[in-house]
Amino acid sequence: MNGLTKLLVGTRPALVIVDVQNDYCHPEGALGLTGCDVSGVKEMMPRLHELLGAAREEGIPVIFIQTFHEDATDSEAWVTRSSGRSAQVCRKDSWGAEFFEIAPRQGEIVVNKHRYSAFVNTRLDSVLRTLKIDTLLVTGVSTNVCVESTARDGFMLDYHIVLVEDACASYSREAHEMTLTNIEGYFGTVASSGELADIWSLHGKKSTLAL
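Reading guide: rules and limits
- Residues numbered from 1 in each chain as written.
- Predicted model: local features only at pLDDT ≥ 70, side-chain atom pairs only at ≥ 80, totals over all residues.
- Heavy atoms only, no water.
- Salt bridge = Lys/Arg side-chain N within 4 Å of Asp/Glu carboxyl O.
- Helix = DSSP H or I, 4+ residues; strand = E, 2+ residues; numbered from the N terminus.
- Phe/Tyr/Trp six-rings, centres within 6.5 Å; stacked < 30°, edge-to-face > 60°.
- Buried < 20%, exposed > 50% of the residue type's maximum accessible area, 1.4 Å probe, protein only.
- Axes fitted to C-alpha atoms, helices over the stretch in contact; angles between N-to-C directions.
- Parallel < 35°, antiparallel > 145°, perpendicular 65-115°, else oblique.
- Left-handed = near helix turned anticlockwise from the far one by under 90°.
- Contact = heavy atoms within 4.5 Å.
- Nonpolar A, V, L, I, M, F, W, Y, C, P; charged D, E, K, R; others polar.
- Pairing = 2+ DSSP bridges.

### Description of the pattern of salt bridges
Enumeration over the complete set of coordinates arrives at nine salt bridges. Between R91 and D71 there is a salt bridge, with the nearest N and O atoms lying 3.5 Å from each other. Here D71 lies in the loop between β2 (62–67) and β3 (109–113) and R91 lies in the loop between β2 and β3, a separation of 20 residues in the sequence. Ionic pairing is found between R173 and E177, a salt bridge with its closest N-O pair at 2.8 Å. Within this pair, R173 and its partner E177 are both found in helix α7 (residues 173–187), separated by four residues, close to a single helical turn. Ionic contacts of the salt-bridge type, sharing partners, join the residues D71, D74 and R91 into one network.

### Topic: the packing of aromatic side chains
Across all of its chains, the model carries four aromatic pairs by this definition. Seen from their ring centres, F119 and Y159 are 6.0 Å apart, and the 25 degrees between their planes marks the pair as stacked. Of this pair, F119 sits in the loop between β3 and α5 (124–130) while Y159 is found in the loop between α6 (143–156) and β5 (160–169), placing the two residues 40 residues apart along the sequence. Considered together, F119 and Y159 belong to a single accessibility category, that of buried residues. A centroid spacing of 6.0 Å and a plane angle of 85 degrees characterise the contact between F155 and F187, whose relative ring orientation is edge-to-face. Of the two residues, F155 sits in helix α6 while F187 sits in helix α7, which places them 32 residues apart along the sequence. The structure contains a cluster of three or more aromatic residues connected by ring pairs, namely F155, Y186 and F187.

### Quick notes on the packing of helix α4 (residues 39–58) against helix α8 (residues 193–203)
Remark: α4 packs on α8, axes separated minimally by 10 Å, with the N-to-C direction vectors making an angle of 20 degrees. Classified by the interaxial angle, the pair formed by α4 and α8 is roughly parallel. Judged by the sense of rotation from one axis to the other, the crossing of α4 with α8 is left-handed. Counting all contacts with α4, which are made through R47, L51, A54, A55 and E58, the residues of α8 involved are S193, L196 and W200. Split by residue class, the contact of α4 with α8 holds five nonpolar, one polar and two charged.

### Examining the sheet that holds β3
Pairing is parallel across the open sheet formed by six strands, whose spatial order is β3-β2-β1-β4-β5-β6. Of all strands in the sheet, those with a lone pairing partner are β3 and β6 (189–191), marking the two edges. Direction aside, the axes of adjacent strands within the sheet are offset by 25 degrees on average. Sheet contacts for α8: β4 (135–141), β5 and β6; angle to β5, the most-contacted strand, approximately 125 degrees.

Next comes the structure, spelled out in structure tokens:
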């Protein structure tokens, strides 16, 4: 049994989908309009759809991470990020903060965040502990910022991390690849959606411990 199979068979995984929202993913979203290359998002979305469908079929919990920003959480330091260019990204109750192409089903969990990491000042850790999750299958946007921040913090909190390389995207291939190297070297395992699907196909419900 290889290392990836050990992470999925006999453990309690959850699929974590980070910031797949209009402002980050849509060509007419805030980042697309500032010139960010969102072609990587378009390329990865079919794999994310397939992975989401497979996880649901296996009964693996799906947790949607949704960023929104508002005056109440916009600290003086925070609004200086990206030289101030991100000031209008994912404002609360805006179209830009809505999910892009995917959406939680009834009963699936949404965790709102206000910083890059989905663990900072959120309920994510409490949700995962309640579900007895020990392995995070991390996907979403952008690979080198919010996805990597979430994966790093998850590892620091003693979760096994599997970064799904073709179900996350950045605004440059170089940035995406840098995170894959970093995660594989220090924080977890990098795998493809196809590898996960093959393991689930072979082992079926054993991968979820009947969650």
